[in-house]
Amino acid sequence: MIPLLRSFLISIPLLSLMLSADPLQPGDLRCEYLHDPQVVDVPAPRLSWINAARPGARGVIQSAWQVRVASDPLQLNDPDLWDSGKVTSSRNHRIAYDGEALQSRQECWWQVRVWNGDDEVSEWSEPAFWRMGLLRAEDWKASWIGAPWQGEEALPKPSGGPDGRPEAFGPPAPLLRKSFGIRKPVEKAVIYTTGLGYFELSLNGRKVGDGVLIPNQTNYGKRPELEQAYIALPDDFHDYKVMYLAYDLTDQLQQGENVLGSILGNGFYNPAKYWADAYGSPRFLAQLHITYTDGTEEIIVSDDSWTAARSPILMDMVYYGETYDARLEQEGWNTPGFDASNWEPVALRKAPDGRLVAHTASTDKITEVLQPQRIERLGEGHYRVDFGEEISGWVRLHGVSGPEGHAIDIEFLSSNYSGDNRYILRGEGAEDYAPRFNWFVFREIEIHNWPGDLSPTHLTAEVVNTQFEATAHVETSNPLLNAINRIWRRSQVGNMHGGIVSDCPHRERSGYTGDGQVACSTVFHNYDARDVYHKWIGDIRDAQIVSTGYVPNGAPWQSGCGGGVAWGAAIAIMPWEFYQHYGSLDMLENTYPAMKGYLDYLETWKTPEGIVHSQRTGNDGKVLKWFNLGDWVAPGELPDDALVHTFYYWHCADLTAKTAAVLGHLHEAEHYAALAESSRAAFQRAFYDGPTGSFGDAGADILALRMGLDEPMRSSVIEAVRQNLIADDGHLDTGIFGTRYFFEILAEHGLNEQAYTAITKTTQPGFGWWLEQGATTTWEKWDGTGSRNHPMFGGGLVWLYRNLAGMQIDPEQPAYRHIVFRPQPVADLEFVEYSNQTVFGEAGIRWQRQGEALVITTTVPVGSTATLHFPTTNGAELKESGIPVTDHPDVKVVEITPESVVLSMASGRYRFHP
């Protein structure tokens, strides 16, 4: 019997005993991971919801569901698009629409109701919404347009290497304008639009939407210069995309004249940076569909009837900053009645090579506002301002007054340069300003040439990042552990822009795949990042080289991204982690061919002995370090590159085998499992040193244990790890990939107290030392050199949630369908609490010492079951809410051992104690 089926059958008797007549109520409705998405282009969108039971209910399940979809909310009682009828199923996420074929611009309203274990039906949920995009290329009538004073070409890269800067930043950002009339009542008006690299849309003087730095970043099209870059690749990617958005403008239109306006920024389409390859000059696309109450329709498109003018944004470059001259503002430029007679006709632009795809991932937004914590006057007009924490965003000026032409300069104090910001006053009363098309990284700033006295009311710092929800609660009795998780979160959020996760938000701003794979599980343990990572994993898949299967070190690809085998391994690791956390089978279906392609590529580097050691060369034929990295930034020497490469070959083969099994490709699953096993054996033959009983320090033993070792090799390696910890005074000695597994491996092999000691060290190397230095984000290197805003070492923090707190996913029943609670308390802690919002609802655990006793509280969401391994030497006295577990109606004793009691339970909240 296959393991998944066996686990399912074992759970049936428990569930049948614990089913409750408590009704359910579905909520949190989502389409393609989003609440009420404004544009979707998946032909059969996937729907999800979460069921809520009454407080105190236990053993409640969903036994069936019904979805209905209509083109109008008033038609939901008699839906014209889809009525699923009652479907006997416990599924509540990624359920594909199966109704009438959906058309371009189709609006869809939907509801769901569910039945519980006693076949009692819920109320219908509140209606939710999605809108289809323009599904066929011929549906697009609009043309790409841009500024007539610019050509198609991008700004040139600077000379002088990575630290060079362009001599000139090109012309000012364009303003684009279109006036049109409305002469009869409007029923609906929806615009489909995008701009590259960034754009801001307005209608009748009001900004449309609350997104900033839009659209999300992708590989927009072809760039011939990639093959001549320092880290050269053929422009032979799997796919190219440009994301477009949709906005309902019905309430913003007015009778008479209306004006659409757009401002264009360079973004990553035109970055003029040594390692960031450009596509072309800024350009814009828009198509407004207006439906009148009499049934007629009108389409307003971007074309050569639009006009253009230069904006006050004299310079906007994502790597260099923004300069804004308020004297050049044209008041009312995007409102009716403005005299645009001196504006120029726009230039038609070539369409990017990338396919237009719906923007089904969250945009960047202003997610937090910080007030100044300290202002220090350094001289006349010169101030230093501390906002308390390092952020990614910008400073907004409020009510500044000064003479016309007076320039205020903002210097952002960070470990790496993130651009300059200058504001030139109009000189007509109080003025407000914030940048539009780039972000900065800072905790402190220095302001130069401030007119008059600077007060706290003049400044706020706005945190800007791709919007995603923090869903986890993490707390322990040790403030240091809480602070470590907090500074990692700040760093992670600061690195999320444009629907990707960068390595650092200032210096490189690139979507490094190695950093992404090493930290993705920590992200999923803290945030609902489904829509963002669905998009970014798609970018990684799209960046695969068709001819070879190679997966680049970054996606969307920028030719400055260095890495190695572990970076490309993201193509297997990230989809698998995504599937484990969120249960999305389509993620594996979409990525499985790419997983196989990357293994085919790695096979070209395998020696006859089974060792994988990439030795890719640069354009000069010499082995290029930045194609062939192993681990990275350990406190001392790195482990052997070939050892790390072979580990990640094994890891990819192992995950590809598991993916094949989940998808039902059993023959291929056997093939890739055999590859993984042969690689594991080759790794042991090549790298194990019998006399020392070790594969080496700096994480080599950690990676070996992660692969799995048989006795007596396993015991000797564990002892080698123990001795290495003693020699290092309890510190870790690992780079980013070794650290990913370091704490978990210690915990899984009887060294959990040592894991706790290592993670709480306040001397180098350690997270605590960073905090001692005043860190509010996690750093690139243990010694504090380099960037001080890198989230990659956060990969090791999964130990906090999975081992110390002890909430684990059962890989055979992913997405927390079956939760394994296996807490590992340490002597120094009084309590640990962890919870997260899963696809079934909130799941969590809290363990707390009460004198000599341990009390554990667990939360199991509707639709999930759980197994608790309660650590105790006296299992016979264990109780749940005062009732002995051996006689409990809601809890089943699975096993009692000298070390623990193993208990099984269905949904609900439980409190276990002696």
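Okay, so let's go over this structure.

Rules behind the numbers
Residues numbered from 1 in each chain as written. Predicted model: local features only at pLDDT ≥ 70, side-chain atom pairs only at ≥ 80, totals over all residues. Heavy atoms only, no water. Helix = DSSP H or I, 4+ residues; strand = E, 2+ residues; numbered from the N terminus. Rg over C-alpha atoms; globule rule 2.2 N^0.38 Å. Buried < 20%, exposed > 50% of the residue type's maximum accessible area, 1.4 Å probe, protein only. Contact = heavy atoms within 4.5 Å. Areas by Shrake-Rupley, 256 points an atom, 1.4 Å probe, with all protein chains shown as cover. Lys, Arg positive; Asp, Glu negative; His and termini not counted. Charge placed at Lys NZ, Arg CZ, Asp CG, Glu CD. Expected span 1.5 Å × (residues − 1). Pairing = 2+ DSSP bridges. Axes fitted to C-alpha atoms, helices over the stretch in contact; angles between N-to-C directions. Core = buried A, V, L, I, M, F, W, Y, C linked by side-chain atoms within 4.5 Å. Salt bridge = Lys/Arg side-chain N within 4 Å of Asp/Glu carboxyl O. Parallel < 35°, antiparallel > 145°, perpendicular 65-115°, else oblique. Nonpolar A, V, L, I, M, F, W, Y, C, P; charged D, E, K, R; others polar. Phe/Tyr/Trp six-rings, centres within 6.5 Å; stacked < 30°, edge-to-face > 60°. Bend = angle between axes of the 7 residues up to and from the residue. Polar contact = N/O pair within 3.5 Å; in protein donor to acceptor, adjacent residues only side chain to side chain.

A look at the overall build of the protein chain
Link 1 in the chain: Helix and strand counts for the protein chain stand at 15 helices and 47 strands.
Link 2 in the chain: Computed over C-alpha atoms, the radius of gyration of the protein chain comes to 29 Å, within 12% of the 29 Å expected from 2.2 N^0.38 for 914 residues, which places it in the range of a compact globule.
Link 3 in the chain: In terms of overall dimensions, the protein chain has a C-alpha envelope of 85 × 65 × 60 Å along the principal axes.
Link 4 in the chain: Per-residue burial over the protein chain gives 63% buried out of 914 residues.
Link 5 in the chain: In the protein chain, of all internal contacts separated by at least 6 residues, the share reaching a separation of at least 24 is 74%.
Link 6 in the chain: When the accessible area of the protein chain is evaluated, it comes to approximately 33,000 Å², of which 49% is carbon and sulfur surface.
Link 7 in the chain: Here the protein chain carries 74 positive and 118 negative side-chain charges, and the mean point of each set is 1 Å from the other.

Side note on helix H4 (residues 530-542)
Link 1 in the chain: Counted at 1.5 Å a residue, the expected span for H4 with its 13 residues is 18 Å, and the 18 Å between its end C-alpha atoms agrees.
Link 2 in the chain: Counted residue by residue, H4 has 13 buried out of 13 residues, so it is predominantly covered.

Section: the sheet that holds strand E41 (residues 853-860)
Link 1 in the chain: An order of E33-E39-E40-E41-E47-E43-E44 is seen for the seven strands of this open sheet, with the pairing classed as antiparallel. Strands with a single pairing partner mark the edges of an open sheet, and in this sheet they are strand E33 (473-476) and strand E44 (883-884).
Link 2 in the chain: One ladder, built from two bridges, connects strand E43 (residues 879-880) with strand E47 (residues 908-913); its direction is antiparallel. For Lys879, the partnering residue across the bridge sits in E47 and is His913.
Link 3 in the chain: Relative to the sheet, helix H15 (residues 798-805) contacts E33, strand E39 (831-838) and strand E40 (841-850), its axis offset from that of E39 by approximately 115°.

Re the nonpolar core
A general feature of soluble globular proteins is that nonpolar side chains tend to end up buried together.
Link 1 in the chain: Ranked by internal contacts, the top residues of the largest apolar core, which has 158 residues, are Tyr533, Tyr648, Trp799 and Phe912.
Link 2 in the chain: A per-element tally of this core places helix H8 (residues 641-662) first, with twelve residues.
Link 3 in the chain: Formed by 71 residues, the second largest nonpolar core is a distinct cluster that contains Tyr192, Trp394, Leu459 and Val464.

Focus: the pattern of salt bridges
Link 1 in the chain: For the structure shown, the criterion picks out 52 salt bridges.
Link 2 in the chain: A salt bridge links Asp586 to Arg94, with the shortest nitrogen-to-oxygen separation between them at 2.7 Å. Separated by 492 residues along the polypeptide, Asp586 in helix H7 (residues 585-603) and Arg94 in the loop between strand E5 (87-88) and strand E6 (95-96) bring together distant segments of the chain.
Link 3 in the chain: For Asp294, the salt bridge is made with Lys184, and the minimal N-O distance between the two is 3.0 Å.

Some points on the packing of helix H3 (residues 513-526) against helix H12 (residues 736-748)
Link 1 in the chain: Where H3 meets H12, the axes come as close as 10 Å, and the angle between the chain directions of the two elements is 10°. Our classification of the angle between H3 and H12 gives roughly parallel. On H12, the residues touching Gly514, Gln517, Val518 and Ser521 of H3 are Ile736, Phe737 and Arg740.
Link 2 in the chain: Class assignment of the residues belonging to the contact of H3 with H12 gives a composition of three nonpolar, three polar and one charged.

Description of unusual backbone geometry
Link 1 in the chain: Residue Pro556 is reached from Ala555 by a cis peptide bond, and omega for that bond is -5°.
Link 2 in the chain: Here the bond from Gln764 into Pro765 is cis, since omega is -10°, no more than 30 degrees from zero.
Link 3 in the chain: Secondary-structure assignment places Pro765 in the loop between helix H13 (752-759) and helix H14 (767-772).
Link 4 in the chain: Phi angles above zero are rare outside glycine, and Arg94 is one such case at about 55°.
Link 5 in the chain: Arg94 sits in the buried class, given a relative accessible area of 7%.
Link 6 in the chain: Even without being a glycine, Val633 presents a positive backbone phi close to 50°.
Link 7 in the chain: Residue placement: Val633 occurs in the loop between H7 and H8.

Considering the packing of aromatic side chains
Link 1 in the chain: Per the counting criterion, the structure on display carries 56 aromatic pairs.
Link 2 in the chain: Note on Trp65 and Trp82: the rings are 6.5 Å apart at their centroids and 65° apart in plane angle, and the pair reads as edge-to-face. With Trp65 in strand E3 (residues 64-70) and Trp82 in strand E4 (residues 82-83), the pair connects residues that are 17 residues apart, well separated along the chain.
Link 3 in the chain: Both rings, one in Phe268 and one in Trp439, keep their centres 6.3 Å apart while their planes meet at 45°; by these two values the pair is tilted. One end of the pair, Phe268, is in the loop between strand E15 (256-265) and strand E16 (283-292); the other, Trp439, is in the loop between strand E29 (431-433) and strand E30 (440-448), and 171 residues separate them in sequence.
Link 4 in the chain: Given a relative accessible area of 3%, Phe268 falls into the buried group.
Link 5 in the chain: Given the relative accessible area of 2%, Trp439 is considered buried.

Description of the pairing of E40
Link 1 in the chain: The pairing of E39 with E40 spans eight bridges and is classified as antiparallel. Residue pairing for E40: Ser835 is matched across the bridge by Gly844.
Link 2 in the chain: Adjacent in sequence and paired antiparallel, E39 and E40 are bridged by two residues.
Link 3 in the chain: Both E40 and E41 contribute to a ladder of seven bridges, which runs antiparallel. Within E41, the residue paired with Trp847 across the bridge is Ile856.
Link 4 in the chain: Hairpin connection, E40 to E41: the antiparallel pair is bridged by two residues, and Gly851 has positive phi, about 70°.

Examining H12
Think of an α-helix as 3.6 residues a turn; residues three or four steps apart then line up on the same face.
Link 1 in the chain: The end-to-end C-alpha distance of H12, which contains 13 residues, comes to 19 Å, matching closely the 18 Å that a straight helix rising 1.5 Å per residue would cover.
Link 2 in the chain: Along H12, the largest kink reaches about 35° and is centred on Phe742.
Link 3 in the chain: Among all positions in H12, only Ile736, Phe737, Gly738, Thr739, Arg740, Tyr741, Phe742, Phe743, Glu744, Ile745, Leu746 and Ala747 are buried.

Focus: the environment of Pro608
Link 1 in the chain: Position of Pro608 among the secondary structure elements: in the loop between H7 and H8.
Link 2 in the chain: Judged by relative accessible area, which is 83%, Pro608 ranks as exposed.
Link 3 in the chain: Sequence spacing of Pro608 and Gly863 is 255 residues, and the spatial spacing of their C-alpha atoms is 49 Å.

Some details on the sheet that holds E15
Link 1 in the chain: Taken together, the six strands give an open sheet; going across it, the order is E13-E12-E15-E10-E18-E21, and neighbouring strands pair in antiparallel fashion. At either margin of the open sheet sits one strand with a lone partner, and together these are strand E13 (206-207) and strand E21 (344-345).

Brief notes about the environment of Arg541
Link 1 in the chain: Within the secondary structure layout, Arg541 lies in helix H4.
Link 2 in the chain: Considered as a pair, Arg541 and Gln330 are 211 residues apart in the sequence and their alpha carbons are 44 Å apart.

A look at the side chain of Asn485
Link 1 in the chain: Examined against the element boundaries, Asn485 turns out to sit in helix H2 (residues 479-494).
Link 2 in the chain: Residues contacting Asn485, with those up to four places away along its chain left out, are Val474, Asn526, Leu797, Leu800 and Tyr801.

Re the environment of Asp235
Link 1 in the chain: Relative to the assigned elements, Asp235 resides in the loop between E13 and strand E14 (241-248).
Link 2 in the chain: By relative accessible area, Asp235 is classed as buried at 12%.
Link 3 in the chain: For Asp235 and Leu746, which are 511 residues apart along the polypeptide, the C-alpha to C-alpha distance reads 43 Å.
Link 4 in the chain: Other than its neighbours up to four places away in sequence, Asp235 contacts Gly221, Lys222, Arg223, Pro224, Leu226, Glu227 and Tyr240.
Link 5 in the chain: At 2.3 Å, the side chain of Asp235 forms a polar contact with the backbone nitrogen of Arg223.
Link 6 in the chain: Here the side chain of Asp235 touches Tyr240 through a polar contact of 2.6 Å, side chain to side chain.

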